Structures are given as C-alpha cells and as structure tokens.
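Below, each chain spelled out in residue letters.
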Amino acid sequence: MSFTADRLLLFGATGDLAQRMLLPSLCALHDDGLIAPGLSVIGTARSDYDDDSYRNFARDALNKYLPDFRKDAIDSFLGRLKYQTLDATQPDHFVTLADEIGTIDQGMAIFLSTAPSLFEPTIAGLSAAGLTGDKVRIGLEKPLGTSLSSSQGINDAVARAFPEDRTFRIDHYLGKETVQNLLALRFANIMFEPLWNAAHIDHVQITIAETVGLESRVGYYDGAGALRDMVQNHMLQLLALVAMEPPANFDATAIRDEKVKALRSLRLVGPDETVTGQYRKGAIDGQPVPGYDDELGQESETETFVAIKAHVDNWRWKGVPFYLRTGKRLPERTTEIVVRFRPVPHSIFASRGARTVPNSLVIGIQPEENIQLTLMAKVPGLDREGIRLRPVPLDIAMDDAFAGPQKRIAYERLLLDLIEGDQTLFVRRDEVEAQWDWIDAIRASWETHGIKPRSYTAGSWGPSSAIALAERDGVTWHD
Ligand code: BG6
C-alpha cells in the first residue's frame, strides 16, 4: 500500500548507527525540506531519557558527526524528536509507546537497529500494542542472522506481523549513489551491454578494502567475521548488480527479480577457491596498529580478510571468474569493481613489435567515485624501431562531472525511501536467502577442510595466498 509515513519510530535510537548515520541523515533531509514538516521522529532505547534530554543527546551526536552544520538547522531539526524509554522484553512498554505515538492514520515507518536477540520480542511487542497495521512498514538493519536458518527465523518472525511489501531490509551499500550508478552505467549506455558477457570479459574483480580494524565492535565482529559481515551482504549485492540481466523497468520487482536470479546462479565455492586471513600488528599510513588478537584481548580464529574466486553459472558468465576480496586493516580504504575484457582476437601490431594490453573498466565506488576505461593508444613518434602502444585511461571523475549536486549519506536515501515506501533499494527475502545459502556452503567447506585464517601484516593486501589465488590464473589484483 502506498503511503508516506508521518511518524518515524527508531529502535536503537542511542546506538552508534543512530548517532553516526541516522540522526545526521534525518537532520540533512529536514534542512533540505525533504521530509514533511509534520513528520515526527520517536526514538526508543533502554537508556533513560525524556524528550529534552534525548534532544541534548542528539545535539551532541550532530555536533560531533555534522561539525560544519548550521546550529540553527540542528535546533530546528531537534524539535521533531521525541523519546520513549523502552525495554523490548517488557510487553507493557509497548503499550506506553503506543500511547506516546498516538494515531497512525497517516502511516508510520519503523527503523529497527537493535541486537538480533531483540528482534522477535520487538515484533511481538509491536503486534500486541497494535503498532503493526496496514499503515506501518518496517526497516531492518543488519545483522539479520548469522546463517540461512537463523535469518529465516528472523524473517519468519517479521513476516508474522509485516508482509514482504512492508518489510524493508537494509543493505546500506544500495543507498550509495555510486552503487546506483552501476545501473546507469550498464543500462543507460549502449556500448557496454553487447560486451558484458563471457565472450568479451575475461574476469571481474570486486574489492572492498578498509583501513579500520575492530573499532568498538568486539561483541559483534568476532562472532561474524569478514565473510558474514561484508561478503554475505555488500559484496554479493555489488556482484548481483554487475552480473544481473537487464531488468525491464527501474522498479523494485523487476530489479530484485534479476538480482536474485544472478545470486542463485552462484556456483558452490571449492576449498581451493577461498583464502581467509587475520591481521597481525603492522602500520597503516605510517602509524603502528595492533593485531586483531591484541585489539580483541584474546586469541581468535575469526577471519578479518577473505578472498574468493566465484563463478556465476549461467549462459552470460560461463567460465568468467569473479575475484572477490575484502578485509580490515588493508593499506587503503577503497571499494572498486574491475572488469577486465579479453584481448583483441588478432593484433595487427604484433608484426611491428607492439604488445596490446586488454581493456579494463575500473568502477571506483569509494572513497572517490570515478569510472576509468583503459584504452590502447599509440605512443607518438616516427616508429623507426617499431610501433609502441600503451594503455591510457579515459577517466571520468564524478565529482567533476557533477560538481553541483550535494553528496548524500547512503542512509538519507534509504530513510526517505522507507518513509515514502519505495522498496527498490532494499533487499528482498529471496535475495537474502540466496546470499546466505552460498555463504553457509563456504563456511561448511572451511569447516570440512580445516581452513583457518592465515596471518597478514596490517597495512598489507592480505595473506600472500590471496595474491596466489588470482595469480595462478594469470590474474593480478588491481591495487
Ligand atoms: C558494515 C560492516 O556493514 O559496513 C562494517 O559491518 C564495515 O564492518 C562497514 O566497516 C563498511 O561500510 P562503508 O560504508 O564504510 O564502506
């Protein structure tokens, strides 16, 4: 049902995500007049605040995470905020919450960002208090389970109160402008699609590299690891956008239908097609950083790096490897997709001593958004000693091409879509389950084959076996 909510209920309103992303995003949307003046934001969490003290809490967070934002704009935004202390395990707290919220005739959007153990009691509490009717939709923040079966448990609990068309599963990578631009690059240009297949593409690389370590997420990260934290969601969504068939329309059903088909075509990964690693102490940007065990305060076998050679087993991608890697404490923060084309079938320049290098398309997603197509060109000269060719980049920096429009935080887009009810950039249940299915099989294979993380020095590109994973196919990672 289509409606624009005039209530936004935030669970986890004092958490890290709320402070760093949700409150700043809402404040920016407020300031740009993108959310209706009547929309009220009700925060809930266990901490004991009232409306005023929560506004002070939110002000501190906004001053910290939006340091250059105008103070009057922050003050004006704070006027929308209300707060209700809530312990999700106490059903009567939801009754008080329902009183605080009042009527929801216009519609309410819920953003659930709490510990997974609170999902089920929260849904039950909302249901019992009459807060799940036709005019209520729910956004779910990860982690939504740690395996296919636990994710199904959460999805079943949610489905008891919210049908799929009112369930919005968040993968914040889909809120990034640059990720959405992948669709424009592929489907708003004629030149890539005829080449976008096994006949013309040699391989694809997807890298999500981070310089940060464990940060303050000890409790969560050590139980998750890089495979579940990054590959199960963000990496597979990027892969699906690269691999999917052209959807007929830009709408939630058409796009998600195509993504899920690609995800279901992923081949089971063999034991020699994955490498896992864990960082040891090293240096990043010249600064010493501790090893994972030291940050954690104990020994652990959790992987902080994973590299995978994946295959999408369908007609389009037959035989084209997708090399995926992600890790913490790598030398730089970068997310990019590299599409390496095949060599020209016959080089007319070989007889003149020139070597041709296959074209590549490098799609930089962050920190900078740029698209670089490497083309062969002739090195100027009279060629008395043979023709020389060299790859030269055709470079588009999005910041230069679109200097005007303001850069948006991924959550601005996602919160707005949640409030207005557009599911295109949210993950459907069948997608999540296809993702978990593939990830569970990788974890099972690690277990069966006793695959344990290998050490890598913080500030390097992961264990040397990750380099070998690509190099034994004659492929070099794009660093
Ligand atoms: C989160 C992961 O989903 O994404 C974090 O839990 C990771 O471990 C983060 O750091 C990366 O997001 P971004 O937007 O900084 O690339």
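Q: A description of the nonpolar core should follow, citing residues and the corresponding values.
A: Within soluble globular proteins, side chains that are nonpolar generally end up buried alongside one another. Membership of the largest hydrophobic core comes to 120 residues, with the highest contact counts inside it found for I308, F322, I337, L361 and W438. The element that contributes the greatest number of residues to this core is helix α8 (residues 218–243), accounting for 13 residues. Contact partners of I337, with chain neighbours within four places excluded, come to L182, V204, Q205, I206, L238, V242, L361, V362, I363 and I365.

Q: So what's going on with helix α5 (residues 119–128)? Residues and values would help.
A: Of all the positions in α5, only F119, T122, I123, G125 and L126 are classed as buried. Take α5 and look down its axis: the buried residues cluster within an arc of 165°, on one side only. Structurally, α5 contributes buried residues whose contacts are with β1 (7–11), α4 (91–101), β4 (108–112), β5 (136–140) and α6 (148–159). After α5 finishes, the residue G130 shows a positive phi value of roughly 75°.

Q: Outline the site of the ligand, listing residues and values.
A: Near the ligand the following residues occur: K142, H172, Y173, K176, E210, R217, D229, M230, H234, K328, R333 and Q366. In the model, an oxygen atom of the ligand is placed 2.6 Å from a nitrogen or oxygen of the R217 side chain. Contact distances for the ligand include 2.8 Å between an oxygen atom and a side-chain N or O atom of K328. Taking 400 Å² as the accessible area of the ligand by itself, protein coverage stands at 83%. With 3 residues, the top contributor of residues to the shell around the ligand is α8. Here the residues of the shell around the ligand sort into 2 nonpolar, 3 polar and 7 charged.

Q: So what about the sheet that holds strand β8 (residues 274–280)? Which residues, and what values?
A: Taking strand neighbours across the sheet as the criterion, the 9 strands line up as β16-β15-β14-β13-β7-β12-β11-β8-β17 in an open arrangement whose pairing is mixed. Where the open sheet ends on each side, the last strands, each with one partner, are β16 (389–397) and β17 (454–457). Strand-to-strand twist in this sheet, taken as the mean axis angle between neighbours without regard to direction, amounts to 20°. Strand direction decides the pairing type here: strand β13 (residues 334–341) and strand β14 (residues 360–366), joined by 6 bridges, are antiparallel. Along β14, the bridge assignment pairs V338 with V362. Most of the contacts of helix α7 (residues 177–187) go to β14, to which it runs at about 150°, and overall it touches β13, β14 and β15 (370–378).

Q: Pulling in residues and values, what's your account of the pattern of salt bridges?
A: The full count for this structure, using the stated rule, is 32 salt bridges. In this structure, E258 engages K261 in a salt bridge whose closest nitrogen and oxygen atoms are separated by 3.1 Å. A residue pair is termed a helical-turn pair when its members lie 3 or 4 positions apart in one helix, as E258 and K261 do in helix α9 (residues 252–264) at 3 residues. Given a relative accessible area of 13%, E258 falls into the buried group.

Q: Please give an account of the packing of α9 against helix α13 (residues 429–448) that cites residues and values.
A: Packing of α9 against α13 leaves a shortest axis separation of 9 Å and a crossing angle of 15°. In terms of their interaxial angle, α9 and α13 are classed as roughly parallel. For the pair α9 and α13, the crossing hand works out as left-handed. Contact residues: α9 offers R256, K259, V260, L263 and R264, while α13 offers D430, E431, A434 and Q435. In the contact of α9 with α13, the residues fall into 3 nonpolar, 1 polar and 5 charged.

Q: Account for the sheet that holds strand β2 (residues 40–45), naming residues and giving values.
A: On the basis of which strands lie adjacent, the open sheet formed by 6 strands has the order β3-β2-β1-β4-β5-β6 and parallel pairing. Edge strands, defined here as strands with exactly one partner in the open sheet, are β3 (81–85) and β6 (167–169). Across the sheet, the mean angle separating the axes of adjacent strands is 20° when strand polarity is ignored. With 5 bridges connecting them, β1 and β4 associate as parallel partners. Its bridge partner being in β4, L10 is matched across the sheet by F111.

Q: Lay out the environment of R256 in plain terms, naming residues and giving numbers.
A: With respect to the helices and strands, R256 occurs in helix α9. Residue R256 is classed as buried on the basis of its relative accessible area, which comes to 3%. Along the sequence, R256 and D430 sit 174 residues apart, while their C-alpha atoms lie 9.0 Å from each other. Residues contacting R256, with those up to four places away along its chain left out, are Q423, T424, F426, V427, R428 and E431.

Q: Please set out α8 residue by residue, giving values where relevant.
A: When the local axis directions of α8 are compared, the greatest deviation, roughly 105°, occurs at G225. By the criterion of burial, α8 is predominantly enclosed, with 21 of the 26 residues buried.

Q: Report on the packing of helix α1 (residues 16–31) against helix α3 (residues 71–78), specifying residues and quantitative values.
A: What describes two packed helices is the angle between their axes and the distance between those same axes. Contact geometry for α1 and α3: axes closest at 9 Å, N-to-C directions at 100°. Relative to α3, the element α1 is oriented roughly perpendicular. Of α3, the residues touching α1 (which contributes L23, L26, C27, H30 and D31) are A73, I74, S76 and F77. A class-by-class count of the residues in the contact of α1 with α3 yields 6 nonpolar, 2 polar and 1 charged.

Parameters at a glance
Residues numbered from 1 in each chain as written. Predicted model: local features only at pLDDT ≥ 70, side-chain atom pairs only at ≥ 80, totals over all residues. Heavy atoms only, no water. Core = buried A, V, L, I, M, F, W, Y, C linked by side-chain atoms within 4.5 Å. Buried < 20%, exposed > 50% of the residue type's maximum accessible area, 1.4 Å probe, protein only. Helix = DSSP H or I, 4+ residues; strand = E, 2+ residues; numbered from the N terminus. Contact = heavy atoms within 4.5 Å. Arc of directions from axis to C-beta. Near = heavy atom within 4 Å. Polar contact = N/O pair within 3.5 Å; in protein donor to acceptor, adjacent residues only side chain to side chain. Areas by Shrake-Rupley, 256 points an atom, 1.4 Å probe, with all protein chains shown as cover. Nonpolar A, V, L, I, M, F, W, Y, C, P; charged D, E, K, R; others polar. Pairing = 2+ DSSP bridges. Axes fitted to C-alpha atoms, helices over the stretch in contact; angles between N-to-C directions. Salt bridge = Lys/Arg side-chain N within 4 Å of Asp/Glu carboxyl O. Parallel < 35°, antiparallel > 145°, perpendicular 65-115°, else oblique. Left-handed = near helix turned anticlockwise from the far one by under 90°. Bend = angle between axes of the 7 residues up to and from the residue.

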